[in-house]
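Each chain, written out:
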Amino acid sequence: MAIRGPRRVREALLALLFLGPSAVVLGLFVIYPLGRTVLLGAKRCNAQGENCRTNGLRQYTDVAQSREFRHALWVTIKFALLTVPAGIALGLGLAVLADRHLRGIGFFRAVFSSTVATSVAVASLMWLFLLQPARGILANTGWIQDLMPVVKNPGLLNDSGTALLSVALSSVWANLGFTFIVVTAGLQSIPRELHESAYVDGASPWRRFTNVTVPMLSPTLLFVGIVLTSRAFQAYGEIDLLTEGGPVPQDSTTTLTYLIYGETSIVRNDAGLQSSVAVLLFFVMLVLAAVQLRGLKSRIHYGQ
Amino acid sequence: MRRSGRVAAALAVAVALAACGEGDTIQNAGDRPEPTTAPTPAPTVPGTMPATVPGSAPGSVPGSEPVGSAPSGSDPATTPAPTVPPVTVAPSTTQPTLLDTLPPCPVDALDDVDGTVEITFWHGMAANLEQELAVLTDRYNASQSKVRVELQNQGGYEQVIDKYLQSGQSSRPELAQAPEYAVQEFRDTEAFVPVEACFEGAGFDRQALLPAARNAYSTEGVQWSMPFNLSNPVLFYNRATFAAAGLDPDTPPRSLEELEQASRQIVESGAASYGLVVDTNFDSGGGWYIEQWFAKAGEFYSDNENGRSAPATRVMFDGPTGVDLLTYLQNLVANAGGFNVGDNASGQDAFLKIADQNAPGAMTIGTSAALGTVLAAVDAGIAPGIVREDIGIGPMPGPNGSGIVVVGGASIWISADKGDAETAAAWDYVQFLASAEVQSEWASVTGYVPIRQDAAEVEPLATTYAEDPRFKVAYDSLIETPDEPTAVGPLLGPQRAIRVLTSRALATVLGGGDPATALAEAAAQANTLLAQYNSTR
Amino acid sequence: MASDAAALPVIGGGPAMRSGAVGIDSVRPGWRKVGRYVVLAFVAFLVLFPIYTTLLASLKPGGKVIDRPLVPTDLTLQVFKDAWTEGRLGRYLLNSTVVAVVVTAAQLTTSVLSAYAFALLRFPLKGFFFVLFLATLLVPLEATLVVNRRTIDTWGWLNSYQGLALPFLATAFGTFLLRQVFLQIPKELREAAQMDGLGHLGFLREVALPLVRPTLGALALFSFLSAWNQYLWPNLITTDEDMHTVQTGLRLLNSNVPDIERYNVPIAGTVIAALPIALVLIIFQRQLVRGLTAGAVKG
């Protein structure tokens with residue numbers, strides 16, 4: 001039954017009132033800055049953002065094709081590939097491991113969730129402490145070199161082969177608590193009847209896992225995947241504290257965000273170039289989101 | 001599985017696209033190739049000068065004479081004797097000097113003020129340095145009631161620079177501490193009152209400052225900021241190891257040949273696992289020290305007299321001097337017992353290598369400002385087997401054994417557009433910090449080098465130097481440094497970024513790369529950076 | 001949380017249930033149980049290792065930490081005291097708390113309102129606004145920071161609580177999360193309320209809000225955590241030492257690393273910084289899980 005007239009208007013006005021606060025904040029602090037940054041990204045300026053000359057769209061294509069940008073993009077993709085699958089797998093594995101009625105399981109659950117209490121700064125400093133060259137316990141002691149002779153003396157954070165891995169390790173550890181909590185919640189919302197009917201049908205625990213648990217978890221896993229990916233693509237604090245862009249000259253840990261804001265970044269002195277990279281980062285994340293949502297949409301079960 | 005296969009394929013394509021191909025550098029993005037000619041230098045100063053023009057010293061005020069005597073006899077540098085005849089660098093007398101066009105400094109404005117003027121000082125001093133600065137500032141605040149200074153620690157020099165540049169004028173502090181590599185950048189903001197503008201009205205004698213100190217913070221004939229905390233690199237070495245290797249602990253190596261020889265001897269004698277410990281950090285081995293070595297060799301690092309007569313337009317470190325230098329370092333690490341600790345982000349890795357229990361090094365070049373920290377650490381037992389007396393300090397070794405050093409550290413800048421009373425207040429505080437007594441105490445407590453000679457003659461510094469001559473080594477190097485264009489060190493707009501480039505080159509070279517190629521690449525990128533910087537000044 | 005997930009799909013169809021039925025779930029006594037405990041313990045050890053070393057490093061004087069980093073001897077509280085005073089952590093904890101509380105309260109309010117509008121109100125251009133909200137989730141923080149700083153600077157709100165909180169007072173993530181849950185409210189409830197004479201506001205207050213309370217709890221926790229962990233933004237707008245949050249205060253403490261032998265002071269600082277959050281999470285763990293299972297409507 002269509003509602004017309006004053007009722008409609010009243011509802012629209014109410015919607016304006018309700019949407020207003022969010023819209024104002026988001027418009028002022030997200031949409032507007034994005035617009036200005038897009039404009040600034042087409043110019044070359046000095047560090048203060050003054051004395052600009054406008055170059056237009058070709059600046060974006062130039063930046064996208066430049067070797068520093070490509071390298072940073074590649075490093076960021078590598079970082080995501082290192083942290084996201086591992087993060088999901090570990091979260092899932094631990095959640096399944098702890099999803100039992102055992103004496104003291106609460107303690108283990110608390111332990112596995114604990115890293116959610118650490119912020120980026122806290123977790124990175126903890127790992128810096130472990131990995132610092134010359135002083136860290138895990139840095140470059142003899143036994144690590146015996147295991148992996150490729151690690152030369154500078155240590156894990158200073159060796160271009162292992163620097164990104166080390167940062168990824170600290171990131172995976174830090175995200176473990178979050179992943180664990182979310183997946184556990186997902187596990188607990190799978191109706192018992194499904195498991196029980198599979199059990200009654202004679203399915204082995206592994207079959208139950210793949211045919212019941214994983215499909216029912218797919219929205220949760222998608223959510224976790226999206227969050228982890230977006231965190232991976234915006235990783236900054238870890239790199240700022242652990243490697244400052246990675247051993248030169250390979251720049252093994254210079255991700256896109258570090259290219260924008262890092263202390264040793266080559267575009268520090270140009271506000272225009274920083275904006276270009278930031279906007280391209282936005283673009284990359286748009287593409288990623290589209291890929292994730294569309295490519296995996298078909299595999300999600302919604303409700304019963 | 002089909003969809004995820006498609007996703008994987010898309011990702012692979014994206015990755016492949018990202019990874020391969022030889023793109024241009026991001027520094028050229030948006031611009032189309034026309035010869036990027038740097039704008040002609042400021043009109044009050046003559047155009048680009050050829051290298052080492054004897055007899056002209058653009059950094060010094062006309063009519064000045066260099067403080068201190070000629071450098072010690074062990075300096076057969078190519079430059080002539082330092083007693084420079086007073087030369088007016090300013091061109092025809094009909095044009096106003098640069099100083100006239102800059103914001104003035106109303107030093108008497110405080111007399112008209114009734115209450116207390118509150119000003120803020122953004123600094124980047126850490127730990128015990130911050131503590132001492134706080135002590136001095138409290139004393140200043142307590143000693144008079146016209147000015148009250150509030151200290152704001154920004155967490156490091158880079159933070160000070162970044163935040164200053166990003167802030168609007170009203171959010172900027174009255175005083176900011178900026179390092180020696182930010183001089184051109186700060187000068188170009190046109191947001192400061194040059195301290196020289198305050199000298200005349202306040203009767204401040206700039207001759208009291210060490211020439212190396214005041215020249216470091218001068219360009220285009222004007223002194224822009226007041227040096228405050230000075231340091232320069234010195235050689236740290238383990239005297240016990242020296243003795244065990246058959247070297248004289250009281251005569252540390254001065255020239256590059258002696259350094260190599262010492263390093264070799266230490267390793268061959270088995271006194272330590274490594275001789276010289278080097279790093280590639282841009283604030284030390286890969287950047288700052290290279291500038292030092294150019295000064296020692298009497299060579300310019302960039303054009304326009306190291307960027308002091310006019311803003312630099314190109315670097316010159318890819319010439320024979322630079323290649324020889326990097327080849328020397330490469331050889332030292334590969335064959336003569338040197339050890340590369342890499343990035344040294346913490347600034348402590350080189351020292352820790354000397355303290356290493358398993359494979360220690362014997363010597364390293366470090367900033368003089370670290371001496372206090374190192375001694376304290378040794379006292380605390382960080383380095384078992386090493387005691388306080390084992391730490392030896394010598395002048396930084398370099399080409400020809402030259403004693404020239406380029407000043408490092410930071411200086412204090414006074415903001416413009418802040419109101420007369422605030423500017424006068426800021427100058428009053430700066431004058432306090434630049435006084436002999438305060439500099440004496442500051443240097444004595446922190447290990448920084450005082451900015452003026454009379455500071456070393458008053459207490460407590462006089463006693464400190466007498467009791468522990470190690471603290472005096474950096475000061476002596478500074479005294480010995482003559483008033484010459486090449487000895488002042490380069491001034492570049494994007495100086496830190498360029499130091500990052502040379503540090504990359506060094507890292508490549510120490511990893512086995514060819515010095516000439518690495519330096520040529522670094523120079524090309526540096527020149528692009530400079531061109532870009534100059535185009536948006 | 002500007003860039004976290006888009007619409008959160010409904011997780012599970014029925015009411016939230018906790019695992020715990022007997023039969024297929026209880027572990028057979030014997031080897032499998034022991035095996036499971038072993039694996040659990042091993043993994044717990046790996047997860048706790050950094051925390052353990054951090055705690056230990058905060059309890060020993062610096063020199064001893066280098067000496068024997070893994071053995072709990074030579075314990076002292078001095079390092080914590082140093083971190084507290086030198087790091088000014090008391091003040092910074094206060095700042096972080098104020099900002100986090102303000103942001104959480106604001107995000108809850110704005111999200112509830114806008115979620116309700118999207119779920120239950122009809123108005124023109126609804127689709128357009130929806131897409132706009134969605135887009136804000138994808139904009140990375142980095143693309144907005146510098147301009148936001150300039151805005152806040154122009155208003156003179158650098159170094160202020162407003163400045164720290166303002167850009168985060170609304171979130172599309174919260175909007176979508178709550179919208180999902182509002183959409184689940186059966187139409188009959190709405191119609192019954194209409195017949196009782198309840199307008200939208202009344203319905204929101206009397207019926208809708210109580211139903212979504214678990215989700216509100218989860219959102220509140222996420223908002224609080226997210227605001228507490230902000231790093232880039234406070235770093236950018238704080239120049240006054242009094243106004244740092246705990247995260248940037250830690251950075252300050254770390255970059256002012258004291259003398260070499262007291263290098264573990266920043267580490268002790270991280271422990272202090274993590275403690276409040278750890279407590280909050282332990283206390284509210286149940287609510288968090290319950291809220292995430294989004295089984296808002298029973299029966």
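About the cut-offs
- Residues numbered from 1 in each chain as written.
- Chains lettered and ligands numbered in written order.
- Predicted model: local features only at pLDDT ≥ 70, side-chain atom pairs only at ≥ 80, totals over all residues.
- Helix = DSSP H or I, 4+ residues; strand = E, 2+ residues; numbered from the N terminus.
- Contact = placed C-beta atoms within 7 Å.
- Buried ≥ 20, exposed ≤ 12 C-beta atoms within 10 Å, placed from the backbone.
- Domains from an automatic or database assignment.
- Nonpolar A, V, L, I, M, F, W, Y, C, P; charged D, E, K, R; others polar.
- Core = buried A, V, L, I, M, F, W, Y, C linked by C-beta atoms within 7 Å.
- Pairing = 2+ DSSP bridges.
- Axes fitted to C-alpha atoms, helices over the stretch in contact; angles between N-to-C directions.
- Parallel < 35°, antiparallel > 145°, perpendicular 65-115°, else oblique.
- Left-handed = near helix turned anticlockwise from the far one by under 90°.
- Expected span 1.5 Å × (residues − 1).
- pLDDT = per-residue confidence, 0-100.

Engineer: Looking at this structure, how should I read the overall build of chain C?
Structural biologist: Each helix and strand in chain C was counted, giving 14 helices and 0 strands. Within chain C, counting contacts between residues at least 6 apart in sequence, those at least 24 apart form 77% of the total.

Engineer: For this particular structure, what's the right way to read the overall build of chain B?
Structural biologist: The secondary structure content of chain B amounts to 20 helices and 13 strands. Out of the 537 residues in chain B, the part that is buried amounts to 57%. By sequence separation, contacts in chain B at least 24 residues apart represent 77% of the contacts at least 6 residues apart.

Engineer: Even after reading the chapter, I still don't get the domain arrangement of chain B, so can you show me in this structure?
Structural biologist: Residue and element names in this part refer to chain B. Structurally, chain B comprises domain 1 (102-230 + 408-488) and domain 2 (233-404 + 494-535). For domain 1 versus domain 2, the separation of C-alpha centres amounts to 28 Å. With 20 residues of domain 1 at the interface, the matching set in domain 2 holds 26 residues. Looking at which element gives the most residues to the side of domain 1 that touches domain 2, the answer is helix H18 (residues 472-480), with 4 residues. Class assignment for the residues of the side of domain 1 that touches domain 2 results in 9 nonpolar, 8 polar and 3 charged.

Engineer: When you look at the nonpolar core in this model, what are you seeing that I'm missing?
Structural biologist: One broad rule of soluble globular proteins: the nonpolar side chains tend to lie buried together. Counting 324 residues, the largest nonpolar core has A:Val277 and B:Val430 as its most contacted members. For this core, the element with the most residues is helix H7 (residues 163-188) of chain A, which contributes 16 residues.

Engineer: In this structure, what is going on with the domain arrangement of chain C? I would like to understand it.
Structural biologist: Residue and element names in this part refer to chain C. Taken domain by domain, chain C consists of domain 1 (28-76) and domain 2 (88-293). Here domain 1 and domain 2 have C-alpha centroids that lie 33 Å from each other. The interface is formed by 7 residues belonging to domain 1 together with 8 residues belonging to domain 2. If one sorts the elements of the side of domain 1 that touches domain 2 by residue count, helix H1 (residues 31-59) sits on top with 4 residues. Considered class by class, the residues forming the side of domain 1 that touches domain 2 number 3 nonpolar, 4 polar and no charged.

Engineer: Where do I start with the pairing of strand E11 (residues 363-367) of chain B in this structure?
Structural biologist: Regular strands place their side chains on alternate faces of the sheet. All names here are of chain B. In terms of burial, E11 is a largely internal element, 5 of the 5 residues being buried. Here E11 shows a buried face lined by Met-363, Ile-365 and Thr-367 and a second buried face lined by Thr-364 and Gly-366. In the sheet, strand E8 (residues 233-238) pairs with E11 via 5 bridges, with the strands oriented antiparallel. From the neighbouring strand, Leu-235 faces E11, where its bridge partner is Ile-365. For strand E9 (residues 276-278) and E11, the ladder comprises 2 bridges, and the chain directions are parallel. Its bridge partner lying in E11, Val-277 is registered against Thr-364.

Engineer: Can you walk me through the sheet that holds E11(B) in this structure?
Structural biologist: Each strand in a sheet pairs with its neighbour through backbone hydrogen bonds, running either in the same direction (parallel) or in the opposite one (antiparallel). Residues and elements named next belong to chain B. Taken together, 5 strands build an open sheet; the order of strands is E10-E9-E11-E8-E12 and the sheet is mixed. Because the sheet does not close on itself, it has two edges, and the strands there are strand E10 (339-340) and strand E12 (391-395). Relative to the sheet, H18 contacts E8 and E12, its axis offset from that of E12 by approximately 0°.

Engineer: Honestly, helix H10 (residues 288-297) of chain B in this entry has me stumped. Any pointers?
Structural biologist: One turn of an α-helix holds 3.6 residues; hence residues three or four places apart share an orientation. All names here are of chain B. The element H10 is extensively covered by neighbouring structure, given that 10 of its 10 residues are classed as buried. Among the residues making up H10, those that are buried are Trp-288, Tyr-289, Ile-290, Glu-291, Gln-292, Trp-293, Phe-294, Ala-295, Lys-296 and Ala-297. Tucked inside the fold, the buried residues of H10 contact E8, helix H12 (320-335), E11, strand E13 (408-415) and helix H19 (495-510).

Engineer: Quick question: what am I supposed to make of the packing of H7(A) against helix H9 (residues 205-233) of chain A here?
Structural biologist: In helix packing, the relevant descriptors are the interaxial angle and the interaxial distance, both defined with respect to the helix axes. Residue and element names in this part refer to chain A. The geometry of H7 relative to H9 is characterised by a closest axis approach of 9 Å and an angle of 165° between their N-to-C directions. Here H7 is positioned roughly antiparallel relative to H9, judged by the angle of their axes. The two elements H7 and H9 cross, and the hand of that crossing is right-handed. Between H7, through Asn-175, Thr-179, Val-182, Val-183, Gly-186 and Leu-187, and H9, the contact on the second element is made entirely by Leu-217, Thr-220, Phe-223, Val-224, Leu-228 and Arg-231.

Engineer: Please clarify how unusual backbone geometry should be interpreted in this entry.
Structural biologist: Note: most residues except glycine have negative phi, and most peptide bonds are trans. Of note, the amide linkage connecting B:Glu459 to B:Pro460 takes the cis form, showing an omega dihedral of -5°. Here the phi dihedral of C:Arg88 falls at roughly 50°; this positive angle occurs in a residue that is not glycine. Take C:Arg88: it is sitting in the loop between helix H3 (78-86) and helix H4 (89-120). The backbone of C:Leu125 shows a phi angle near 65°, a positive value even though the residue is not glycine. Following the sequence through the fold, C:Leu125 ends up in the loop between H4 and helix H5 (126-138). Judged by C-beta crowding, with 10 C-beta atoms within 10 Å, C:Leu125 ranks as exposed.

Engineer: Can you walk me through helix H8 (residues 172-183) of chain C in this structure?
Structural biologist: In this model H8(C) runs 16 Å from its N-terminal to its C-terminal C-alpha over 12 residues, within 8% of the 16 Å that 1.5 Å per residue would give. In terms of burial, H8(C) is largely enclosed, as 11 of its 12 residues are buried. Burial in H8(C) covers these residues: C:Ala172, C:Phe173, C:Gly174, C:Thr175, C:Phe176, C:Leu177, C:Leu178, C:Arg179, C:Gln180, C:Val181 and C:Phe182. Residues of H8(C) that are buried sit in contact with helix H1 (6-40) of chain A together with H4, H5, helix H10 (200-211) and helix H11 (213-228) of chain C.

Engineer: Even after reading the chapter, I still don't get the interface of chain B and chain C, so can you show me in this structure?
Structural biologist: Often the size quoted for an interface is simply the accessible area lost on bringing the parts together. Listed as interface residues are 22 residues of chain B and, on the opposing side, 18 residues of chain C. Residue classes in the side of chain B that touches chain C are distributed as 7 nonpolar, 13 polar and 2 charged.

Engineer: Honestly, the environment of A:Val172 in this entry has me stumped. Any pointers?
Structural biologist: All names here are of chain A. Here Val-172 lies in helix H7. The class of Val-172 is buried, set by 22 C-beta atoms lying within 10 Å. Residue contacts for Val-172: discarding those within four places in its chain leaves Thr-83, Ala-86, Gly-87 and Leu-90.

Engineer: What should I look at first to understand the environment of C:Leu221 in this one?
Structural biologist: Mapped onto the secondary structure, C:Leu221 falls in helix H11. Separated by 117 residues in the primary sequence, C:Leu221 and C:Thr104 have C-alpha atoms spaced 8.1 Å apart.

Engineer: Help me out: how do you make sense of the confidence of the model for chain C in this one?
Structural biologist: In low-pLDDT segments, the atomic positions of the prediction should not be examined closely. Residues and elements named next belong to chain C. Per-residue confidence for chain C averages 79 on the pLDDT scale, and 82% of its residues sit at or above 70. Put simply, helix H2 (residues 62-67) is where chain C has its lowest mean pLDDT, 68, and helix H7 (residues 161-165) is where it has its highest, 94. pLDDT under 50 marks residues 1-23. Its contacts with residues more than four places away, or in other chains, come to 74 contacts. The model gives residues 295-299 a pLDDT under 50, and that stretch makes 15 contacts with residues more than four places away or in other chains.

Engineer: Just checking my understanding: could you explain the confidence of the model for chain B for this structure?
Structural biologist: All names here are of chain B. Summing up the model confidence of chain B, the mean pLDDT is 82 and the portion of residues at 70 or higher is 84%. Mean pLDDT across the secondary structure elements of chain B bottoms out at helix H1 (residues 2-19), with 55, and peaks at strand E3 (residues 175-179), with 95. This model gives residues 38-92 a pLDDT under 50, and the stretch forms 100 contacts once residues within four places in sequence are excluded.

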